[in-house]
Amino acid sequence: MTQRDERVLVTLAEIARFAGVGRAAVSNWRRRFEDFPDPVGGSDASPQFALDTVEEWLLIHGKLRASAGVLDRLWPHIEALGDRDRMGLVIAEAGLRLASASPVWPDEVPQLSPNELRLVDEATQAGLSGNGVETFHVLLERWLSTHVRQITTTPASLADLMTALADEAHEQRPVRRVADPACGTGTLLMAAVRHWSAREPLKLTGLDVDPVLARLAAARLDLAVGHEQVDIVIADTLRDAPVVGGRADIILCNPPANERDWGHAELATDRRWLFGQPPRTESELAWVQHVVSDVAEDGVAVVLLPPAVASRRAGRRIRAGLLRAGSLQAVVALPPGAAPPYGVGLHLWVLRAPDTSEAEGRVLLVDAADCRHTPTEGGTQVVDWDGVRERVFAAVRGDAPPGVVMVPVVDLLGEETDLTPARHVPPAVATSAVELNRSWTRFDQALVAVRDAGQALRPLASARSPQARVAVSVGELEAADALALTPGGTLPEGALRRGPRPDQGVPVLMAAHLGEGQGEQWWMTADDVERGERERKLTVTSSGDIVVVTTFTEFDAWVETSAPNVLGPHLQRLRVDPERLDPWFLAACLRVRFNARQAGTHASVSSRVDVRRLRALRLPMDEQRRYGAIHRQLIEFERAAVELSSVSGALSGTLSELLAVGQIAAE
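Residues numbered from 1 in each chain as written. Predicted model: local features only at pLDDT ≥ 70, side-chain atom pairs only at ≥ 80, totals over all residues. Heavy atoms only, no water.

## With respect to the overall build of the chain
Here is step 1: Broken down by element type, the chain carries 21 helices and 25 strands.
Here is step 2: When contacts within the chain are restricted to residue pairs at least 6 apart in sequence, long-range pairs at least 24 apart make up 74% of them.
Here is step 3: Approximately 32,100 Å² of the chain is accessible, and the part contributed by carbon and sulfur atoms is 49%. (Helix = DSSP H or I, 4+ residues; strand = E, 2+ residues; numbered from the N terminus. Contact = heavy atoms within 4.5 Å. Areas by Shrake-Rupley, 256 points an atom, 1.4 Å probe, with all protein chains shown as cover.)

As structure tokens, then:
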């Protein structure tokens, strides 16, 4: 490898990854070879080695044989730059070189150091010797994962929805130019490429004030469609208002929200404020008016906005102006979890250039906030993208599914001019006998499940003269090698994801969020989990493990039936020897509250439970299994009771809604 200026440190697991072997093999090399490099940092449990010395040793001994590990060897050097911007510029420059032989270096972008240019050369060479597009995207994804808390990107599912919605609203007419005035790393423009590039040649225009994000977007798009079709400009869109290639047929935008320093004072007389100067607190309406001024006369814009923009009193006058001018075509309320911030249900606004030719304008309002589903038992609700798309496109085609209404502009104008769909869409209740019968069927099924589970437990009774039983602590069981106790720990910030979990994502359990039935999810990619488990940095459960919550207020213990899960702080994994302990029996003993009280610290309201002090009965295996089977029945009874409560609550709510709107008739 090329000699570099800095000393980069790597762990045994990282050495194993770019050498293409298991971690055990690297540990074996340390024992077998006296000349294996000595650690230069870290700790005895997790030593760190100088990467250049390790690479030299691997080359001398013929161990650096995995061509697929080129990026794994290169990434620690890029990561060692430390600074988000320097890392991003190296990756962007490599991507631009892979797309074009001589990319232009803008004056606004800081120059790279000789060491950084050597990294660019190596990344470019790695791409030229393999798949250049894949090389760039691997590096970009690692960079985004490392800085996930600093950089917000539009999820691909939402980007595709926005693109398809713009196409439908544009009536699928020819599209020559697509623009994004706040393009970031180019996610929305890439969605445009996927949607339109096969149909017709596109001119892609993007602007962003962050030079690093703009360069990354340029590289990403150049690799996708070629430099001739891409024009990415580094500019403050609102302040500079640069004219790039004329008006756009389609504008897709996810602008920054809640900005205060967006240029309110210096832009007081800006020509784009067709509907009035936006208040300082309404930066989003400045972006909306910019988009309206930049879209072609027959074009369409789709903008992602916080829900408060539809109702804040400060923006009422501008919203009214958009309605009177016919610029606002539709508002779509998305479910929470569609995009950051994941706890908020964002809105899509469909806009066009002013057109007052229609005497009586109308606005389409779509409430898709209820399009969520629970993918796994006990999992949190995530966005039902198929349901969102079905409702939105049915509405655009002129259908009237539940959650959709076409409102005359005159009915929206008033003291509030509130455009929130939920305030105007008629209540969606189960008005048909078929739907109501389905609800009663679910109730009957839940009722039967509770009755069956209860009948299985009914024969159980308290013994009149209980036998003297010997109890043993978890610590004693651990010392006897009957179980292994592993605590959950601090989770790697760069690998931890928040939001809707994909099918291949691994759930992350955290004590503070276990009681939440829905909302945001924490998860990690399967590759990150495999790497973290291999490096012994993560605690991952398997089926049959026992998980114990060690905070007193959330204390619980259960047997894993939906593994794997990654355990965060204040969670412990107990892995039992199945020949000596039945996990269901042990979990039954551990989860009772008096056990937690005896094992707790009681130092404060945030006291912890010492898992090693929890106690369980010492019983023969056949009796453990019998008690464990009863515990399974108890769990089934609890789940059936929770389901019955949920179903009966939903049924009661439906009947109450029917009463409230006068759509119920007693036989």
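## Looking at the packing of aromatic side chains
Here is step 1: In the structure shown here, the tally under the stated rule is 7 aromatic pairs.
Here is step 2: Measuring from centroid to centroid gives 5.8 Å for Phe-36 and Phe-49, while their planes differ by 85°, and the two rings are edge-to-face. Note that Phe-36 is positioned in the loop between helix H2 (23-32) and strand E2 (41-42) and Phe-49 in strand E3 (residues 47-50), a separation of 13 residues in sequence. Both residues of the pair, Phe-36 and Phe-49, count as buried.
Here is step 3: Measuring from ring centre to ring centre gives 5.7 Å for Trp-440 and Phe-443, while their planes differ by 90°; the resulting arrangement is edge-to-face. Of this pair, Trp-440 and Phe-443 both sit in helix H16 (residues 433-457), separated by 3 residues, roughly a single helical turn.
Here is step 4: Judged by its relative accessible area of 37%, Trp-440 is partly exposed.
Here is step 5: Judged by its relative accessible area of 18%, Phe-443 is buried. (Phe/Tyr/Trp six-rings, centres within 6.5 Å; stacked < 30°, edge-to-face > 60°. Buried < 20%, exposed > 50% of the residue type's maximum accessible area, 1.4 Å probe, protein only.)

## Description of the pairing of strand E10 (residues 347-351)
Here is step 1: The buried fraction of E10 is high, at 5 of 5 residues.
Here is step 2: Because side chains alternate across E10, one face comprises the buried residues His-347, Trp-349 and Leu-351, and the other comprises Leu-348 and Val-350, equally buried.
Here is step 3: Pairing between strand E8 (residues 295-305) and E10: 5 bridges, direction antiparallel. Paired with Val-303 across the strands is Trp-349, a residue of E10.
Here is step 4: Two elements, strand E9 (residues 328-333) and E10, share 5 bridges in a ladder whose sense is antiparallel. Residue pairing across strands places Val-331 opposite Trp-349, the latter belonging to E10. (Pairing = 2+ DSSP bridges.)

## Quick word on the sheet that holds strand E4 (residues 177-180)
Here is step 1: Within the open sheet, the 9 strands sit side by side as E6-E5-E4-E7-E8-E10-E9-E11-E14. Their pairing is mixed. The open sheet is flanked by strand E6 (230-234) and strand E14 (404-408), the only strands paired with a single partner. Between one strand axis and the next, the sheet turns through 15° on average, direction left out of account.
Here is step 2: Direction of pairing for strand E5 (residues 203-208) relative to E6: parallel, over a ladder of 5 bridges. Considered in E6, the bridge of Asp-208 is made with Ile-234. (Axes fitted to C-alpha atoms, helices over the stretch in contact; angles between N-to-C directions.)

## Remarks on the sheet that holds strand E1 (residues 9-11)
Here is step 1: Across the sheet, 3 strands lie side by side as E1-E3-E2; this open sheet has antiparallel pairing. Here the strands that pair on one side only, and so sit at the sheet edges, are E1 and E2.
Here is step 2: Where helix H3 (residues 51-60) meets the sheet, its contacts fall on E1 and E3, and the angle it forms with E3 comes to roughly 75°.

## Section: the environment of Asp-222
Here is step 1: Relative to the assigned elements, Asp-222 resides in helix H10 (residues 211-225).
Here is step 2: Classification of Asp-222 as buried rests on a relative accessible area of 7%.
Here is step 3: The contacts of Asp-222, once residues within four sequence positions are left out, are Leu-96, Ala-99, His-227 and Val-230.

## Examining the state of the cysteines
Here is step 1: Evaluation of the coordinates by the stated rule reveals 0 disulfides.
Here is step 2: Between Cys-183, a cysteine without a disulfide, and Cys-253, which holds the nearest cysteine sulfur, the sulfur-to-sulfur distance is 9.5 Å.
Here is step 3: Residue classification places Cys-183 among the buried positions, given a relative accessible area of 5%. (Disulfide = S-S within 2.5 Å.)

## Concerning the packing of helix H9 (residues 187-196) against H10
Here is step 1: Contact geometry of H9 with H10 gives a least axis separation of 10 Å together with a crossing angle of 10°. For the element pair H9 / H10, the angle class is roughly parallel. Listed contacts from H10 to Thr-187, Leu-189, Met-190 and Val-193 of H9 are Arg-220, Leu-221, Ala-224 and Val-225.
Here is step 2: The residue makeup of the contact of H9 with H10, split by class, is 6 nonpolar, 1 polar and 1 charged. (Parallel < 35°, antiparallel > 145°, perpendicular 65-115°, else oblique. Nonpolar A, V, L, I, M, F, W, Y, C, P; charged D, E, K, R; others polar.)

## Focus: the nonpolar core
Here is step 1: Of all hydrophobic cores here, the largest spans 80 residues; its most connected members are Trp-143, Val-178, Leu-204 and Leu-348.
Here is step 2: By residue number, the principal contributor to this core is H10, which donates 10 residues.
Here is step 3: With sequence-adjacent residues up to four places away left out, Leu-348 is seen in contact with Leu-158, Leu-161, Met-162, Leu-165, Val-302, Val-303, Leu-304, Ala-330, Val-331, Val-332 and Leu-334. (Core = buried A, V, L, I, M, F, W, Y, C linked by side-chain atoms within 4.5 Å.)

## Quick look at the pattern of salt bridges
Here is step 1: Tallied over the full model, the rule gives 29 salt bridges.
Here is step 2: Note that Glu-284 is salt-bridged to Arg-312, the shortest N-O span being 3.1 Å. Pair noted here: Glu-284 is in helix H12 (residues 283-294) and Arg-312 is in the loop between E8 and helix H13 (316-324), with a separation of 28 residues, a long-range link.
Here is step 3: The class of Glu-284 is buried, set by a relative accessible area of 0%.
Here is step 4: Among the ionic pairs, Arg-639 bridges to Glu-636, the shortest N-O distance being 3.8 Å. Remark: Glu-636 and Arg-639 occur in helix H21 (residues 621-660); sequence separation between them is 3 residues, near one turn of the helix. (Salt bridge = Lys/Arg side-chain N within 4 Å of Asp/Glu carboxyl O.)

## Examining helix H14 (residues 385-396)
Here is step 1: Across its 12 residues, H14 extends 16 Å between first and last C-alpha, which sits within 8% of the 16 Å expected from 1.5 Å per residue.
Here is step 2: Listed in full, the buried residues belonging to H14 are Trp-385, Gly-387, Val-388, Arg-391, Val-392, Phe-393, Ala-394 and Ala-395. (Expected span 1.5 Å × (residues − 1).)

## Describing the packing of helix H4 (residues 70-79) against helix H6 (residues 114-128)
Here is step 1: It is at 11 Å that the axes of H4 and H6 come closest, and there the two elements cross at 160°. When the axes of H4 and H6 are compared, the pair comes out roughly antiparallel. In this structure, the crossing between H4 and H6 has a hand that is left-handed. Between H4 and H6, the residues in contact are Val-70, Leu-71, Leu-74, His-77 and Ile-78 and Leu-119, Glu-122, Ala-123 and Ala-126, respectively.
Here is step 2: Across the contact of H4 with H6, the residue classes break down as 7 nonpolar, 1 polar and 1 charged. (Left-handed = near helix turned anticlockwise from the far one by under 90°.)

## Focus: the side chain of Asn-595
Here is step 1: Take Asn-595: it is sitting in helix H20 (residues 593-599).
Here is step 2: Among the polar contacts made by the side chain of Asn-595, one reaches the main-chain carbonyl oxygen of Arg-615 at a distance of 2.7 Å.
Here is step 3: The residues contacting Asn-595, other than those within four sequence positions of it, are Cys-589, Leu-590, Leu-614 and Arg-615. (Polar contact = N/O pair within 3.5 Å; in protein donor to acceptor, adjacent residues only side chain to side chain.)

## Thoughts on the confidence of the model for the chain
Here is step 1: Averaged over all residues, the pLDDT of the chain equals 85, while 89% of them reach at least 70.
Here is step 2: Long-range and interchain partners of residues 1-5, a stretch whose pLDDT sits below 50, account for 17 contacts in this model, where long-range means more than four residues apart. (pLDDT = per-residue confidence, 0-100.)

## Let's talk about the pairing of strand E21 (residues 546-549)
Here is step 1: The side-chain alternation of E21 yields two buried faces, one formed by Ile-546 and Val-548 and the other by Val-547 and Val-549.
Here is step 2: Bridge count for E21 against strand E22 (residues 556-559) is 4 bridges, and the pairing is antiparallel. Within E22, the position partnered with Ile-546 by the bridge is Val-559.
Here is step 3: Where E21 meets strand E24 (residues 571-576), 4 bridges bridge the pair, whose relative direction is antiparallel. Paired with Val-549 across the bridge in E24 is Leu-571.

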